[in-house]
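Letter by letter, the chains look like this.
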Amino acid sequence: MEVLEHRYFILNKPYNMLSQFIGDNFGNNMLGKIDFDFPKGTHAIGRLDNLSEGLLILTTNKKVTKLLFNSKILHKRTYLVQVDATITDQDISDLKSGVPILLRGNIMWTTSPCDVERIEKPDECYNIVNTLHPRHPHAWLKITLTEGKYRQIRKMIIAVNNKCKRLIRTSIEDLELGNLPVGQIREYSESAFFQMLKIEY
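Parameters at a glance
Residues numbered from 1 in each chain as written. Predicted model: local features only at pLDDT ≥ 70, side-chain atom pairs only at ≥ 80, totals over all residues. Heavy atoms only, no water. Phe/Tyr/Trp six-rings, centres within 6.5 Å; stacked < 30°, edge-to-face > 60°. Helix = DSSP H or I, 4+ residues; strand = E, 2+ residues; numbered from the N terminus. Buried < 20%, exposed > 50% of the residue type's maximum accessible area, 1.4 Å probe, protein only. Polar contact = N/O pair within 3.5 Å; in protein donor to acceptor, adjacent residues only side chain to side chain. Arc of directions from axis to C-beta. Contact = heavy atoms within 4.5 Å. Pairing = 2+ DSSP bridges. Salt bridge = Lys/Arg side-chain N within 4 Å of Asp/Glu carboxyl O.

Visitor: Before we move on, could you go through the packing of aromatic side chains and cite the residues and values that matter?
Guide: Tallied over the full model, the rule gives seven aromatic pairs. Where Phe21 meets Phe38, the ring centres are 5.3 Å apart and the plane angle is 75°; that geometry is what we call edge-to-face. Here Phe21 is found in the loop between β1 (8-13) and β2 (43-45), whereas its partner Phe38 is found in the loop between β1 and β2, with 17 residues between them in sequence. Look at Phe38 and you get buried, because its relative accessible area is 15%.

If you want it as structure tokens, here you go:
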């Protein structure tokens with residue numbers, strides 16, 4: 001029996017698109033609208049919610065989820081975050097130290113310490129309907145964390161009395177979005193893929 005080689009991709013996921021190919025009955029945009037001939041069995045790893053943007057891993061290898069997100073070894077994920085109001089140094093300090101968020105099942109959870117810094121508007125950000133007017137009070141943050149509870153960053157921003165307006169994942173370990181255009185695919189060899197993610201296979 002022939003053993004097929006797995007394939008590994010990243011997508012710069014557009015705003016307002018679900019991280020799945022099938023299973024939605026509400027007319028939402030899904031990955032099938034991406035103009036690329038994906039091999040059979042391709043699925044998303046470490047999904048982004050439909051309003052989040054940026055780096056999304058797609059692969060035919062079902063073992064990647066366990067190796068990357070269910071491992072005892074923690075992996076860094078970096079996001080660019082636009083918040084819908086000014087943010088104070090104390091807010092940033094609180095986010096760095098850990099803030100209480102509500103998880104599914106009405107469980108309160110204090111987030112682990114993470115890296116947070118205030119940044120200028122990223123040059124690579126494209127304009128979408130959701131973009132705030134330049135005169136509207138807002139700020140951009142760069143957040144790097146190693147845990148990924150459901151909608152964690154959005155809930156962290158709510159915990160400091162603010163609102164996450166845009167959320168863009170730019171990297172997972174050394175696997176980076178770089179200059180990949182929105183809606184486009186980049187493919188990696190198996191060895192490069194695992195080396196950049198710092199996982200053994």
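There is more to say, and it comes next.
Visitor: Outline the environment of Lys13, supporting the account with residue identities and numerical values.
Guide: For Lys13, the location among the structural elements is in strand β1. For Lys13 and Gly183, which are 170 residues apart along the polypeptide, the C-alpha to C-alpha distance reads 5.7 Å. Reaching out from Lys13, the side chain makes a polar contact with the backbone oxygen of Met17 at a distance of 2.6 Å. From its side chain, Lys13 meets the backbone oxygen of Asp49 in a polar contact 3.4 Å long.

Visitor: So, helix α2 (residues 89-97): which residues are in play, and what are the values?
Guide: Since the α-helix advances by 3.6 residues per turn, residues separated by three or four positions end up pointing in the same direction. Restricting attention to buried positions, one finds in α2 the residues Asp91, Ile92 and Leu95. The buried residues of α2 occupy an angular sector of 95° when projected down its axis, which confines them to one face. Those residues of α2 that are exposed and angled more than 90 degrees off the buried face are Asp89 and Ser97. Each element contacted by the buried residues of α2 is listed here: β7 (115-119), β8 (139-145) and α3 (152-159). Immediately downstream of α2, the backbone of Gly98 shows phi near 125°, a positive value.

Visitor: Explain the pairing of strand β4 (residues 77-83) residue by residue, including any values.
Guide: With seven of seven residues buried, β4 is to be regarded as a mostly interior element. Burial along β4 is two-sided: the face carrying Arg77, Tyr79, Val81 and Val83 and the face carrying Thr78, Leu80 and Gln82 are both buried. When β4 meets β8, the two strands line up antiparallel, connected through seven bridges. Bridge pairing in β8 links Arg77 to Leu145.

Visitor: Summarise the pattern of salt bridges; cite the residues concerned and give the values.
Guide: All told, the structure shown has seven salt bridges when counted by the stated rule. Salt-bridge contacts for Glu53 lead to Arg166; the nearest nitrogen and oxygen are separated by 2.8 Å. Placement of Glu53 in strand β3 (residues 53-59) and of Arg166 in strand β9 (residues 164-172) is noted, with a sequence separation of 113 residues between them. The residue Lys198 makes a salt bridge to Asp174 at a minimum N-O spacing of 3.9 Å. Placement of the pair is Lys198 in the segment after α4 (190-197) and Asp174 in the loop between β9 and β10 (175-176), with a sequence separation of 24 residues. A relative accessible area of 40% means that Asp174 is categorised as partly exposed.

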